[in-house]
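Reading the structure
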Amino acid sequence: MSLINTEVKPFKATAYHNGKFVPVSNENLLGKWSVFVFYPADFTFVCPTELGDLADHYAEFKKLGVEIYGISTDTHFAHKAWHDTSDTISKVQYPLVGDPTAALARNFEVLIEEEGLAYRGTFVINPEGKIKIIEVHDNGIGRDAAELLRKVKAAQYVAAHPGEVCPAKWTEGAETLKPSLDLVGKI
């Protein structure tokens with residue numbers, strides 16, 4: 001069974017955000033678009049490149065009304081320590097959520113049980129708290145924030161324009177498709 005179009009399960013966690021420890025729950029997701037970015041661990045190799053790339057694009061996500069949440073099975077204390085000691089992670093302005101019990105990683109089906117770490121899972125969640133996009137990578141393969149931004153724009157477009165769909169490589173302002181019998185076999 002896929003998590004697509006399912007509601008995010010209730011959760012409570014603590015994040016390091018803007019120099020403070022703050023509570024985060026499924027209630028924070030309602031009324032706006034959210035992106036959960038699971039990563040294996042703080043103080044690693046590929047993870048800071050991804051989180052730094054997201055930090056570089058964060059203003060663009062915010063313009064779209066999107067909040068990003070970086071999540072690993074580390075504690076919020078480890079997130080603070082990493083933020084305080086890494087030039088790349090110090091750029092991060094979005095919440096870094098601690099998931100030391102791996103409850104979130106389990107709920108989103110990205111936990112590697114025998115390691116206690118998460119796969120690189122990306123989840124785009126709509127304002128109703130439903131998962132609209134899922135992408136999971138092996139931990140050796142980094143993600144691209146610009147491509148994620150494109151996908152979020154497509155998800156928002158489809159949500160705002162019922163009856164239209166975005167074709168491959170769709171970018172903002174490009175033509176969309178209106179599925180109909182007339183299109184069958186003509187694309």
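Please refer to the structure placed before this passage.
Conventions used here
Numbering of residues starts from 1 in each chain and follows the order in which that chain's sequence is written. Where totals are concerned, whole chains, interfaces and linings use all residues; where local detail is concerned, this predicted model gives features only for residues with pLDDT of at least 70, and gives and counts side-chain atom pairs only at 80 or more. Just so you know, side-chain values use all the structure's heavy atoms and leave hydrogens and water out. Helix and strand labels come from DSSP, where a helix needs a run of H or I of at least four residues and a strand needs a run of E of at least two; each type is numbered from the N terminus. C-alpha atoms define the radius of gyration, and 2.2 Å times the number of residues to the power 0.38 defines the globule rule. When accessible area is computed with a 1.4 Å probe and restricted to protein chains, residues below 20% of their type maximum are described as buried, those above 50% as exposed, and intermediate ones as partly exposed. In this description, contact between two residues means that some pair of their heavy atoms is separated by no more than 4.5 Å. Surface accessibility follows the Shrake-Rupley procedure with a 1.4 Å probe radius. Residue values consider only the protein chains on display as shielding. Positive charges come from Lys and Arg alone, negative charges from Asp and Glu alone, with His and the N- and C-terminal ends not counted. Note on charges: their place is set at NZ of Lys, CZ of Arg, CG of Asp or CD of Glu. We call a set of buried Ala, Val, Leu, Ile, Met, Phe, Trp, Tyr and Cys residues a nonpolar core when their side-chain atoms join them within 4.5 Å. Within this scheme a cavity is a closed region of a 1 Å grid, computed over the protein atoms alone, that accommodates a 1.4 Å probe without allowing it to escape, whereas a pocket is open but has protein on both sides within 12 Å along at least five of seven lines; lining residues each have an atom within 4 Å of a point. Grid points are joined across faces, edges and corners, and a volume is the space filled by probe spheres set on the points. Residue polarity is assigned by list, with Asp, Glu, Lys and Arg as charged and Ala, Val, Leu, Ile, Met, Phe, Trp, Tyr, Cys and Pro as nonpolar; anything else, Gly included, falls into the polar class. A side-chain nitrogen of Lys or Arg and a carboxyl oxygen of Asp or Glu constitute a salt bridge if their distance falls within 4 Å.

To continue, consider the overall build of the protein chain. If you tally the helices and strands in the protein chain, you get four helices and nine strands. Reading the secondary structure of the protein chain in the N-to-C direction produces β-β-β-α-β-α-β-α-β-β-β-β-α. Its C-alpha atoms give the protein chain a radius of gyration of 17 Å, near enough to 16 Å, the size a compact globule of 187 residues would have. Seen through its C-alpha atoms, the protein chain measures out along the principal axes to roughly 55 × 35 × 30 Å. Buried residues in the protein chain amount to 46% of all 187 residues. Considering only intrachain contacts with a sequence separation of at least 6, the fraction spanning at least 24 residues in the protein chain is 65%. Split by element, the accessible area of the protein chain, about 9800 Å² in all, is 55% carbon and sulfur. One finds the centroid of the 19 positive side-chain charges in the protein chain at a distance of 5 Å from the centroid of its 25 negative side-chain charges.

Core analysis: the biggest nonpolar cluster contains 24 residues, and Val35, Leu51, Leu54, Phe61, Ile68 and Tyr94 have the highest contact counts within it. Once you skip the residues sitting within four places of it in the chain, Leu54 turns out to touch Val37, Phe61, Ile68, Tyr94, Ala145 and Leu148. Residues Phe36, Ile71, Ala102 and Val110 belong to the second largest nonpolar core, which totals 22 residues.

A few words now on the layout of surface pockets. One number sums up the size of the largest pocket: a volume of about 200 Å³. Lys151, Ala154, Ala155, Val158 and Cys166 are the residues nearest the centre of the largest pocket, which is lined by 15 residues in total. Per element, the largest residue contribution to the lining of the largest pocket is six residues, and it comes from helix 4 (residues 145–160). As a volume, the second largest pocket reaches approximately 160 Å³. As for the second largest pocket, its lining consists of 13 residues, and the residues nearest its centre are Lys12, Ala13, Gly98, Asp99 and Thr101. Each residue belonging to the lining of the second largest pocket can be placed in one class, and the counts come to six nonpolar, five polar and two charged.

Quick look at the pattern of salt bridges now. Scanning the entire structure with this criterion turns up nine salt bridges. Across the pair Arg120 and Glu50 runs a salt bridge whose closest N-O atoms are separated by 2.7 Å. With Arg120 in strand 8 (residues 120–125) and Glu50 in helix 1 (residues 46–63), the pair connects residues that are 70 residues apart, well separated along the chain. The salt bridge involving Arg150 is made with Glu147; its shortest N-O contact spans 3.0 Å. Of this pair, Arg150 and Glu147 both sit in helix 4, three residues apart, roughly one helical turn.

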